[in-house]
Amino acid sequence: MDINNLKFDEKGLIPAIVQDYYTKEVLTLAYMNRESLEITVKEGYTCFFSRSRQELWRKGETSGNTQKVVSITSDCDRDALVVEVIKNGPACHTGAESCFFNGEYAAEDVTPFSYKGLYEMLAGRKSNPKEGSYTSYLFEKGMDKILKKVGEESTEVIIAGAKGDRAETIYEVADLAYHLMVMMVEQGIKPEEITAELAGRHVIDRKVKQERMK
């Protein structure tokens, strides 16, 4: 990485947007000076410059919530950075996973969806059952019922796929995905663990391909 290509402001700083490598969630906005960026690249973990304390600070130095750097990308003007990290613990000093949690505005005609949001909703139905909720009903019946539904929905996906009905297949895959996430909540498996597993397989596949090309 050639730091000389970057444009630091009049105070010698450059904004760094820190993003979760697996979920792509924005974790925080911090600042780096030349020294902290050099440390980040050399050590492989985020190091920032505190504007309030006027000193360097390595993320997780006291909390243990470190951030392993995966990639650093600059914008078109090279005066801002996106730092993708694998985080070890919450990113925010409040204990929140991300510093961005205050909802200020949401368009009424758009309903945002994320697997993380769905997972959290399902987890909420488990910890705080709601009368009349199908999800709460599944958790109440337990793993045997949940696994039965996963099996039934898997069969429905196969049938729809075999018919070549695209719309029906999408519908059934969504049903299966929902019930799989209910099963994950019941077992305490988080979406990022699945993402990490898939990412690990991707790395393995890439290494295999590289070996074959030699």
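Residues numbered from 1 in each chain as written. Predicted model: local features only at pLDDT ≥ 70, side-chain atom pairs only at ≥ 80, totals over all residues. Heavy atoms only, no water.

Going by an unreviewed UniProt entry, the chain carries the name Histidine biosynthesis bifunctional protein HisIE and comes from Candidatus Allocopromorpha excrementigallinarum.

Asks: Mind laying out the nonpolar core, listing which residues take part and the relevant values?
Replies: Of all hydrophobic cores here, the largest spans 16 residues; its most connected members are Met-32, Leu-37, Leu-81 and Val-83. When contributions to this core are tallied by element, the ones reaching two or more residues are strand E1 (13-20), strand E2 (26-33) and strand E6 (81-87). In this structure, Leu-37 is in contact with Met-1, Ile-3, Leu-6, Phe-8, Met-32, Ile-72 and Leu-81, ignoring residues within four places of it in sequence. Counting twelve residues, the second largest nonpolar core, distinct from the first, contains Leu-138, Tyr-178, Met-181 and Met-183. (Core = buried A, V, L, I, M, F, W, Y, C linked by side-chain atoms within 4.5 Å. Buried < 20%, exposed > 50% of the residue type's maximum accessible area, 1.4 Å probe, protein only. Helix = DSSP H or I, 4+ residues; strand = E, 2+ residues; numbered from the N terminus. Contact = heavy atoms within 4.5 Å.)

Asks: So what's going on with the pattern of salt bridges? Which residues, and what values?
Replies: All told, the structure shown has nine salt bridges when counted by the stated rule. The salt bridge partner of Glu-84 is Lys-24, with a shortest N-O separation of 2.8 Å. Of this pair, Glu-84 sits in strand E6 while Lys-24 sits in the loop between E1 and E2, and the two are 60 residues apart along the sequence. Glu-84 gets classed as buried once you look at its relative accessible area, which sits at 14%. One connected set of salt bridges, linked through shared partners, spans Lys-149, Glu-152 and Glu-153. (Salt bridge = Lys/Arg side-chain N within 4 Å of Asp/Glu carboxyl O.)

Asks: So what's going on with helix H2 (residues 115-127)? Which residues, and what values?
Replies: Taking 1.5 Å of rise per residue, 13 residues should cover 18 Å, and H2 covers 18 Å from first to last C-alpha, within 8% of that figure. Within the sequence span of H2, burial applies to Leu-118, Tyr-119 and Leu-122. Along the axis of H2, the buried residues cluster in a sector spanning 100 degrees; they form a single face. (Expected span 1.5 Å × (residues − 1). Arc of directions from axis to C-beta.)

Asks: So, the packing of helix H3 (residues 134-141) against helix H5 (residues 166-187): which residues are in play, and what are the values?
Replies: Running from N to C, H3 and H5 cross one another at 50 degrees; their axes reach a closest spacing of 11 Å. Taken together, the axis directions place H3 and H5 in an arrangement best described as oblique. Between H3 and H5 the crossing geometry is right-handed. Facing Tyr-134, Thr-135, Leu-138 and Phe-139 of H3, the residues of H5 in contact are Tyr-178, His-179, Val-182, Val-185 and Glu-186. (Axes fitted to C-alpha atoms, helices over the stretch in contact; angles between N-to-C directions. Parallel < 35°, antiparallel > 145°, perpendicular 65-115°, else oblique. Left-handed = near helix turned anticlockwise from the far one by under 90°.)

Asks: Tell me about the pairing of E6, residues and numbers included.
Replies: The sheet contact formed by E1 and E6 spans five bridges and is parallel. By the bridge assignment, Gln-19 is partnered in E6 with Glu-84. Bridge count between strand E5 (residues 67-74) and E6: seven bridges; the pairing is antiparallel. Within E6, the residue paired with Val-69 across the bridge is Val-85. Linking two consecutive strands that pair antiparallel, namely E5 and E6, is a turn of six residues; a positive phi of about 60 degrees is found at Arg-78 within it. (Pairing = 2+ DSSP bridges.)

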